[in-house]
Amino acid sequence: MITRRSLALLSLATPALAQAWAPSRPVRIVAGWPGGGAADASLRLVAPHMQTALGQSVVIENRSGASGSIGAAAVAQAAGDGHTLLFDAAGQVSNPFLMRGLSFDYLTAFVPVTVFALLPNLLVVRSETPFRSVADLVAHLRANPGREAYASTGIGIVSHLAAVMFTARENLQVTHVPYRASSQSIPGLLAGETLFTFNTTPLAAPQVRDGKLRALAVTTPHRIPAFPEVPTMIEQGYDGFAINEWLGLFAPAGTPAAAVQRHADAAALGLADPMVRDRHALLGMEIVAGGPAAMADFLAEQRARVGRLIRDNNIRLEG
């Protein structure tokens, strides 16, 4: 979840490329999802700039599965010498509360490098529905307890947690339909399998712009440039309602601080590039690049809030 305080922290760092450490061979960045999505696009936009700044090739390796934990496990076992990094998402803070029997501890296996970007969540419905606000949707759900369903991109994923926050606050009876792949939830909504979903802008925005979906709210603390006309959940009476997907870079535990800072500075240079920023904006993503210290504070806040949400609502991977 992103709050105004954490968003401000993430925006503090400025690139000042550290020269105390340099890679001696190609740098491998492991991403815990298949290629081709918005998260992969973010990394591939920034990687060439990192390569130039670091003076070594940057190789991206997609290792998908188990909410990113397969890729994370590979990096947790890697040497902390600065030549292997993990590109991860919000599963970094939710997985420890949901998964048992992991071969590593998320809290101790990695050190933060930098957050890349925020992927705001939109609350969307089909455009042919009569709902024009969150209040309209709530009124319908109250009048039809247990008869409607919402889509998510998986149990414990941000789209699920956002819906849990929403339905729990209103004490609504709604069926949860978790899809195995994030790309399936929007088609399921369009097909009428579900009534609404909270989903990231890269997934939902194209259908909103095409008029197939209507955005009722955004879950950031503030309105977003991609959809300035869409009010926040907070504006519609949901105080403190801020939960969004995010992307960030990690290094294995034991990686020298100088190497961590060098990677953070290299990424910051890439994220500051106007073309990179424009492409992120087109995908509906908001760059909030910061350094290791800011990311550590951000992660601590995320873990506390997400952990409390999962525990309080008894969310389990078994369903």
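Rules behind the numbers
- Residues numbered from 1 in each chain as written.
- Predicted model: local features only at pLDDT ≥ 70, side-chain atom pairs only at ≥ 80, totals over all residues.
- Heavy atoms only, no water.
- 1 Å grid on protein atoms, 1.4 Å probe; cavity = no way out; pocket = protein on both sides within 12 Å on 5 of 7 lines; lining within 4 Å.
- Points joined across faces, edges and corners; volume = space filled by probe spheres on them.
- Nonpolar A, V, L, I, M, F, W, Y, C, P; charged D, E, K, R; others polar.
- Pairing = 2+ DSSP bridges.
- Helix = DSSP H or I, 4+ residues; strand = E, 2+ residues; numbered from the N terminus.
- Axes fitted to C-alpha atoms, helices over the stretch in contact; angles between N-to-C directions.
- Contact = heavy atoms within 4.5 Å.
- Buried < 20%, exposed > 50% of the residue type's maximum accessible area, 1.4 Å probe, protein only.
- Parallel < 35°, antiparallel > 145°, perpendicular 65-115°, else oblique.

Enquirer: Which residues make up the layout of surface pockets, and what values go with them?
Expert: The computed volume of the largest pocket comes to approximately 1,100 Å³. Counted by class, the lining of the largest pocket contains 19 nonpolar, 19 polar and four charged residues.

Enquirer: So what's going on with the sheet that holds strand 9 (residues 213-218)? Residues and values would help.
Expert: Sheets are built from strands that pair by backbone hydrogen bonding, the pairs being arranged parallel or antiparallel. Strand order across the open sheet formed by five strands is 7-6-8-5-9, with mixed pairing between neighbours. The outermost strands of the open sheet, each flanked by one partner alone, are strand 7 (175-178) and strand 9. Taking the axes of each pair of neighbouring strands and ignoring which way they run, one obtains an average angle of 30° across the sheet. Note: strand 6 (residues 149-152) against strand 7, four bridges, orientation parallel. In the sheet register, tyrosine 150 faces strand 7, and the bridge partner there is histidine 176. Helix 6 (residues 134-143) rests against strand 5 (121-126), strand 8 (196-200) and strand 9 of the sheet, and its axis sits at about 105° to strand 9. Packing of helix 8 (residues 182-190) onto the sheet brings it into contact with strand 5, strand 6, strand 8 and strand 9, and relative to strand 8 it is tilted by some 150°.

Enquirer: Can you tell me about helix 9 (residues 201-209), naming the residues and giving the values?
Expert: Of the residues making up helix 9, those classed as buried are Thr201, Pro202, Ala204, Ala205, Gln207 and Val208. In this structure, the buried residues of helix 9 make contact with helix 2 (38-54), strand 4 (110-119), strand 5, helix 8, strand 8 and strand 9. Looking one or two residues beyond helix 9, the residue adopting positive phi is glycine 211, at roughly 85°.

Enquirer: I'd like to hear about the sheet that holds strand 2 (residues 58-62), residue by residue, with values.
Expert: Read across the sheet, six strands follow the order 2-1-3-10-4-11 without closing on themselves; strand pairing throughout is mixed. Only two strands of the sheet have a single partner each, and these edge strands are strand 2 and strand 11 (286-287). Where strand 1 (residues 27-31) meets strand 2, five bridges bridge the pair, whose relative direction is parallel. In the strand pairing of strand 2, valine 27 is matched with valine 58. Lying on the sheet, helix 3 (residues 69-76) is in contact with strand 1, strand 3 (84-89), strand 4 and strand 10 (245-252); it crosses strand 3 at an angle near 155°. Sheet strands touched by helix 4 (residues 91-98): strand 3, strand 4 and strand 10. Its angle to strand 3, the strand with the most contacts, is close to 80°.

Enquirer: Can you break down the packing of helix 2 against helix 11 (residues 274-282) residue by residue, with the values?
Expert: It is at 10 Å that the axes of helix 2 and helix 11 come closest, and there the two elements cross at 175°. Taken together, helix 2 and helix 11 sit at an angle that is classed as roughly antiparallel. Here Ser42, Leu45, Val46 and His49 of helix 2 come into contact with helix 11, specifically with Met275, Val276, Arg279 and His280.

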